[in-house]
Amino acid sequence: MAPKFQFSSLLLLLLLSCFFVLPTKADDTPTAAHDAQAIPVEKIKKALSDSNYLTMSMTLELALSNLIPTHEFFNNKDIKTLTIFCPSDKAFMSPNFKYAGPPLTLLRYHVALAKLDREVLETSQLHWSKVDTLLPGHPLVVTSVNGHGSINGVKISHWNLYNDGHVIVHGVEDFFDPAFQTIWFPQYDGGVSIENDRSYATAFISKAFDLLLEQNYGSDLMLTIVLSAAGILVLWFVKFFCDCVAQYI
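Computed from a predicted structure; not experimentally measured.

In this section: the packing of aromatic side chains. Using the criterion set out here, one finds 7 aromatic pairs in the structure. Look at F85 and F176: their rings are 5.4 Å apart centre to centre, the planes differ by 65°, and that puts the pair in the edge-to-face class. With F85 in strand β1 (residues 82–87) and F176 in the loop between β7 (167–172) and α9 (178–184), this pair connects stretches of sequence that are 91 residues apart. Among the aromatic residues, those joined into a cluster by ring pairs are W128, F180, F185 and Y188.

Pasting the structure below:
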């Protein structure tokens with residue numbers, strides 16, 4: 001009987017040890033590690049709320065988990081940091097903002113796939129650079145000039161509303177308009193850097209925006225005048241080019 005009792009006791013201990021070890025192994029699975037690295041929605045929400053970005057705080061609370069593909073972000077070795085640009089409450093009340101709530105596509109245009117901290121954006125390091133976003137085919141353009149940080153001509157009004165090294169959140173005065181890049185920097189659609197585009201039209205546009213932003217970002221009227229002048233020059237340049245080509249056809 002003794003050998004049988006010892007064998008039964010040993011078998012019972014073995015089963016119990018397996019029972020307690022299995023949960024520990026489950027915690028080490030990729031799923032558990034992924035959950036530990038999830039986008040900190042609550043922390044970002046609180047940081048925005050504390051800084052009076054109340055509308056974006058509520059918006060991101062509902063949309064942030066769907067906005068950022070967490071598994072793609074943390075498993076992509078090329079993307080180490082995301083930068084989110086949050087419009088102020090005033091931007092939501094602007095007559096130009098015609099949505100009951102910002103659509104997901106517009107929110108994705110405000111998430112840059114790069115580390116854009118204050119030290120970088122307040123220098124000329126990224127001046128007129130293209131920055132990819134979560135909205136495929138619609139990059140942002142860094143328009144910072146003379147120590148004033150701005151994206152797509154929109155001033156960055158509050159730095160580091162949240163920053164944990166993986167997600168950076170800045171406050172901006174208004175929503176970014178994708179048409180800014182599409183109309184004024186179409187060369188970025190094809191991946192051509194601005195340094196390689198030597199057209200007089202591009203040079204004029206760049207200089208015009210520089211002058212505008214240097215004047216404390218100018219007034220809406222001045223912006224309209226500059227953009228209109230740039231548009232006229234672009235159309236003239238295209239017409240002149242087409243006329244020259246037509247002469248040799």
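Attention shifts here to the environment of I68. Tracing the backbone shows I68 in the loop between α4 (54–67) and α5 (70–75). Sequence-wise, I68 and L134 are 66 residues apart; in three dimensions their C-alpha atoms are separated by 7.8 Å. Not counting residues up to four positions away in its chain, the partners in contact with I68 are I39, F73, L82, I84 and L134.

Take the pattern of salt bridges next. A full pass over the atoms with the stated rule returns 3 salt bridges. Notably, a salt bridge pairs K45 with E61, separated by 3.1 Å at the nearest N-O pair. Here K45, found in helix α3 (residues 41–50), pairs with E61, found in helix α4; they are 16 residues apart in sequence, far enough to count as distant. One salt bridge in this structure joins E122 and R118, with 3.1 Å as the shortest N-O distance.

Cut-offs and rules
- Residues numbered from 1 in each chain as written.
- Predicted model: local features only at pLDDT ≥ 70, side-chain atom pairs only at ≥ 80, totals over all residues.
- Heavy atoms only, no water.
- Phe/Tyr/Trp six-rings, centres within 6.5 Å; stacked < 30°, edge-to-face > 60°.
- Helix = DSSP H or I, 4+ residues; strand = E, 2+ residues; numbered from the N terminus.
- Contact = heavy atoms within 4.5 Å.
- Salt bridge = Lys/Arg side-chain N within 4 Å of Asp/Glu carboxyl O.

On their own, these measurements won't tell you what the molecule is for.
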